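Summary of the model geometry
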Amino acid sequence: MSNIRVRFAPSPTGFFHIGSARTALFNWLYARHTGGTFVLRIEDTDKERNSDEALKVLLDGMKWMGLDWDEGPDVGGNYGPYFQSQRQTIYEQYLKKLQDAGRTYEKEGAIWFRLEGERYTAYDEFHKAEIEKVKTAPIVIEDAVRGRVERAEEKDFVLVRKDGNPVFHLVNVVDDITMGITHVIRGEDHLSNTSKHVELFKAFEVEAPVFAHIPLILKEEGSGKMSKRDKGALIEEYESRGFLAAAVRNYITLLGWNPKDQREKLDIEEIIDLFDFPGINKGNARFDEKKLAALNAEYLRELNIASFTFLARPFLHTAGVVSEEADEDYLQSVLKLCQPKARSLESLPELCRYFFTDEYPMDTKTAEKIIKKSDPKTLLAEVLPVLEGVEPFQHEEIKNSLETLAQTQGHKVFVYFPALRYAVSGQGGGPDLLPMLEVMGRKRVTKRIKEFLT
RNA sequence: CUCCCGUUCGUCUAGCCCGGUCUAGGACACCUGGUUUUCAUCCAGGCAACAGGGGUUCGAAUCCCCUACGGGAGGCCA
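Residues numbered from 1 in each chain as written. Chains lettered and ligands numbered in written order. Predicted model: local features only at pLDDT ≥ 70, side-chain atom pairs only at ≥ 80, totals over all residues. Heavy atoms only, no water.

**Observations regarding the overall build of chain A**
The condition is simple: Secondary structure follows DSSP: runs of H or I at least 4 residues long count as helices, runs of E at least 2 residues long count as strands, and numbering of each begins at the N terminus. Using C-alpha atoms as the atom set, the radius of gyration is obtained and then compared with a globule rule of 2.2 Å times the number of residues to the power 0.38. Three exposure classes are used, based on accessible area relative to the maximum for each residue type with a 1.4 Å probe and protein chains only: buried under 20%, partly exposed in between, and exposed over 50%. Between two residues, a contact is recorded if the distance between any of their heavy atoms is within 4.5 Å. In summary, the charge assignment counts Lys and Arg as positive and Asp and Glu as negative, without counting His or the chain termini. We put the charge of a Lys on NZ, of an Arg on CZ, of an Asp on CG and of a Glu on CD.
Regarding its fold elements, chain A presents 18 helices and 13 strands. Here the C-alpha atoms of chain A give a radius of gyration of 31 Å, more than 25% beyond the 22 Å that 2.2 N^0.38 yields for 454 residues. Its C-alpha atoms give chain A principal-axis dimensions of about 100 × 45 × 45 Å. Counting all 454 residues of chain A, 51% fall into the buried class. Across chain A, contacts joining residues at least 24 apart in sequence account for 70% of those joining residues at least 6 apart. In chain A, which carries 62 positive and 73 negative side-chain charges, the distance between the mean positions of the two groups comes to 4 Å.

Next up, the structure:
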């Protein structure tokens, strides 16, 4: 166990944003890599927006991602409480220190932090007003990701609101001090705030933690960082859409970090082993759902058939493809055929609907293609009696008898395949045809061919 | 408007710190072919990038400067 202590400090907003998730993940990875402690602290100072419901979304999201915390809600710890709403007296104590040091003043009912330096007033184009500014000594941050960053604060800022509640900058710094946080890993959107925070650490006469500002995730289309309303922004969405947590975790790790070799699919132990600040990129990364989906498909294919079936069942059930009492053996043999073709669990119902119901759509484009090349009805009329006679109804035997048929008719066996597939599935593509026929069974297959012929 | 950060194929990135081995490598996507049937799997191949300009140097994707572009911050939100 090292002395390294990192924290993830989300505010419960009712959803778990992919950017937050990655910040949590990077903190967690760093803690696990270094043998340090991962603290989960809930920044619930904004009373309007907080609820048990919102907290639950957050904790569930963390758990789904496999991010366990060493200290925080549910598990406790020696640095609690872990909810900012319960740390009021601590903030008051620390505020008092600043007041005693003469670093605060009151204005319009709020308490402000007083910067040190020469004061002057100037018109501010952004605030559209004449405001007081301070010429301060620049704050130098040795950021673990970006290197030396220098920035000077130039305006006093609020510490405690008119309503008596301390603001983010104060509580964040006080919590990091009192919780013994050694490394602050957070999004680059906080880089500009860091000078405020360092001013406070200095005012408290405490050494600031190491900062590591990680790049942001940009939205897939358009400009700007990913925000709640963007497609793919919410972790709970991946869960409900049947993405595998391991795949999502793997993917977002790669958004801003890489192992410096050519590998992309890495299991979590390898990532923990390799993860460190030098591997983190400086540039923002654009989210790409296609790449996530490709990784997800890889993970999906690795699943054994029992796990795959377990995960797939609810999706098929919700889509109305299989009923509650669907036959497990049949379901499993169907899924065994479809698993290699599936890119997501979400796509499964459309992929294998025709295995379960006669109510499946006939793809007209495929029909046109087939008719262009051959006369499917003639072909299937030849095939039907053969399939009715094959014994047993298994792919090897089906193949043999179709080949015999093809020979006697003077053409290659595969001329039957497209029409056959189309008649039984309505599709132009799908799993290997012969095993598919075997799984469907003679009754279903011959019935569909007959229907097609009429 | 000000400040901070960034910029290698369409996208994620390797290379950059320690200039030559980079005719810039991998992956996703896309295209072509193969897997003597289909295909969303698999295999092979292909397309495609050092933002621009100056400098330093025998030599720059790699070092320096400027510009452009992108992102972030400037809340009594977090």
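**What about the layout of surface pockets?**
The following threshold applies: Using a grid of 1 Å spacing that covers the protein atoms alone, one calls a set of points a cavity when a 1.4 Å probe fits there but cannot get out, and a pocket when the set is open and has protein on both sides within 12 Å along at least five of seven lines; lining residues are those with an atom within 4 Å of a point. Grid points are joined across faces, edges and corners, and a volume is the space filled by probe spheres set on the points. Three classes are used: nonpolar for Ala, Val, Leu, Ile, Met, Phe, Trp, Tyr, Cys and Pro, charged for Asp, Glu, Lys and Arg, and polar for all others, with Gly counted as polar. Note that domain bounds follow an automatic or database assignment of domains.
Roughly 1100 Å³ of internal volume is contained in the largest pocket. Forming the walls of the largest pocket are 39 residues, and the residues nearest its centre are Pro10, Ser11, Ser20, Asp189 and His190. Within the residue set of the lining of the largest pocket, elements represented by two or more residues are strand S1 (5–8), helix H1 (18–34), helix H4 (168–178) and strand S10 (183–187). Here the lining of the largest pocket gets five residues from one element, more than from any other, and that element is H1. A class-by-class count of the residues in the lining of the largest pocket yields 15 nonpolar, 14 polar and 10 charged. Here the lining of the largest pocket spans two domains, since at least three of its residues come from each of domain 1 (1–86 + 215–302) and domain 2 (87–214). Here the second largest pocket is characterised by a volume of approximately 410 Å³. Along the wall of the second largest pocket there are 16 residues; nearest its centre are Trp112, His127, Ile131, Lys155 and Asp156. Looking at the lining of the second largest pocket, the element that brings in the most residues is strand S6 (residues 129–135), giving three residues. Class assignment of the residues belonging to the lining of the second largest pocket gives a composition of six nonpolar, one polar and nine charged.

**As for the protein's contact with RNA strand B**
Basically, it comes down to this: We call a residue near a molecule or strand as soon as one heavy atom of that residue lies within 4 Å of the molecule or strand. Distance and chemistry together define a polar contact, namely a pair of N or O atoms within 3.5 Å, with one atom able to donate a hydrogen and the other to accept it when in protein, and with adjacent residues in sequence counting only for side-chain atoms on both sides.
Near RNA strand B you find 60 residues, and of these Arg161, Glu264, Lys341, Gly428 and Asp432 are the closest. Expressed as a percentage, the sugar and phosphate content of the atoms of RNA strand B within 4 Å of the protein is 69%. His127 places a polar side-chain atom, nitrogen or oxygen, 3.1 Å from a phosphate oxygen of RNA strand B. Within the backbone of Arg286, an N or O atom sits 2.9 Å from a phosphate oxygen of RNA strand B.

**A short note on the pairing of strand S5 (residues 118–124)**
Rule in force here: What makes two strands pair is DSSP finding at least two bridges between them.
The pairing of S5 with S6 spans seven bridges and is antiparallel. Across the sheet, Thr121 pairs through a bridge with Glu132, a residue of S6. What sits between the antiparallel neighbours S5 and S6 is a turn of four residues, in which Lys128 has the positive phi angle 55°.

**Comments concerning the packing of helix H14 (residues 376–389) against helix H18 (residues 442–453)**
Here is the rule: Inter-axis angles, ranging from 0 to 180 degrees, are taken between N-to-C directions of lines fitted to C-alpha atoms, where helices are fitted over the stretch in contact. Roughly parallel covers angles under 35 degrees, roughly antiparallel covers those over 145, roughly perpendicular covers 65 to 115, and oblique covers all other angles. In this scheme, a crossing is called left-handed if the near helix is turned counterclockwise away from the far one by less than a right angle; it is called right-handed if the turn is clockwise.
At a closest axis distance of 10 Å, the pairing of H14 and H18 adopts a crossing angle of 155°. On the basis of their axis angle, the class for H14 and H18 is roughly antiparallel. Crossing geometry of H14 relative to H18 is assigned as left-handed. Here Pro376, Lys377, Leu380, Ala381, Leu384, Leu387, Glu388 and Gly389 of H14 come into contact with H18, specifically with Arg442, Val445, Thr446, Ile449, Lys450, Phe452 and Leu453. When grouped by side-chain class, the residues that make up the contact of H14 with H18 number nine nonpolar, two polar and four charged.

**Side note on the packing of helix H13 (residues 364–373) against helix H16 (residues 417–425)**
Any two packed helices are characterised by how steeply their axes cross, that is the angle between the axes, and by the distance between the axes. Packing of H13 against H16 brings their axes to within 10 Å, and their N-to-C directions diverge by 150°. When the interaxial angle is binned, H13 and H16 end up roughly antiparallel. Of the two possible hands of crossing, H13 and H16 adopt the one that is left-handed. Where H13 abuts H16, its residues Thr366, Ala367 and Ile370 lie against Pro418, Ala419 and Tyr422.

**Here we look at unusual backbone geometry**
A cis amide bond, omega -10°, links Glu391 with the succeeding residue Pro392. Non-glycine residue Lys260 carries a positive phi angle of around 70°. With respect to the helices and strands, the residue Lys260 is situated in the loop between helix H7 (245–254) and helix H8 (268–274).

**Some words on the domain arrangement of chain A**
Segmenting chain A into domains produces domain 1 (1–86 + 215–302), domain 2 (87–214), domain 3 (304–355) and domain 4 (364–453). The C-alpha centroid of domain 3 is placed 55 Å from the C-alpha centroid of domain 2.

**Focus on the sheet that holds strand S3 (residues 104–107)**
The strands making up a sheet are joined through hydrogen bonds of the backbone, oriented either antiparallel or parallel. Taken in spatial order, the three strands line up as S3-S4-S9 in an open sheet, and their pairing is antiparallel. If you trace the sheet from one side to the other, it starts and ends with S3 and strand S9 (157–160), each paired once. Averaged over all pairs of adjacent strands, the angle between their axes in this sheet comes to 45°, without regard to strand direction. Strand direction decides the pairing type here: strand S4 (residues 110–113) and S9, joined by three bridges, are antiparallel. In the sheet register, Ile111 faces S9, and the bridge partner there is Val160.

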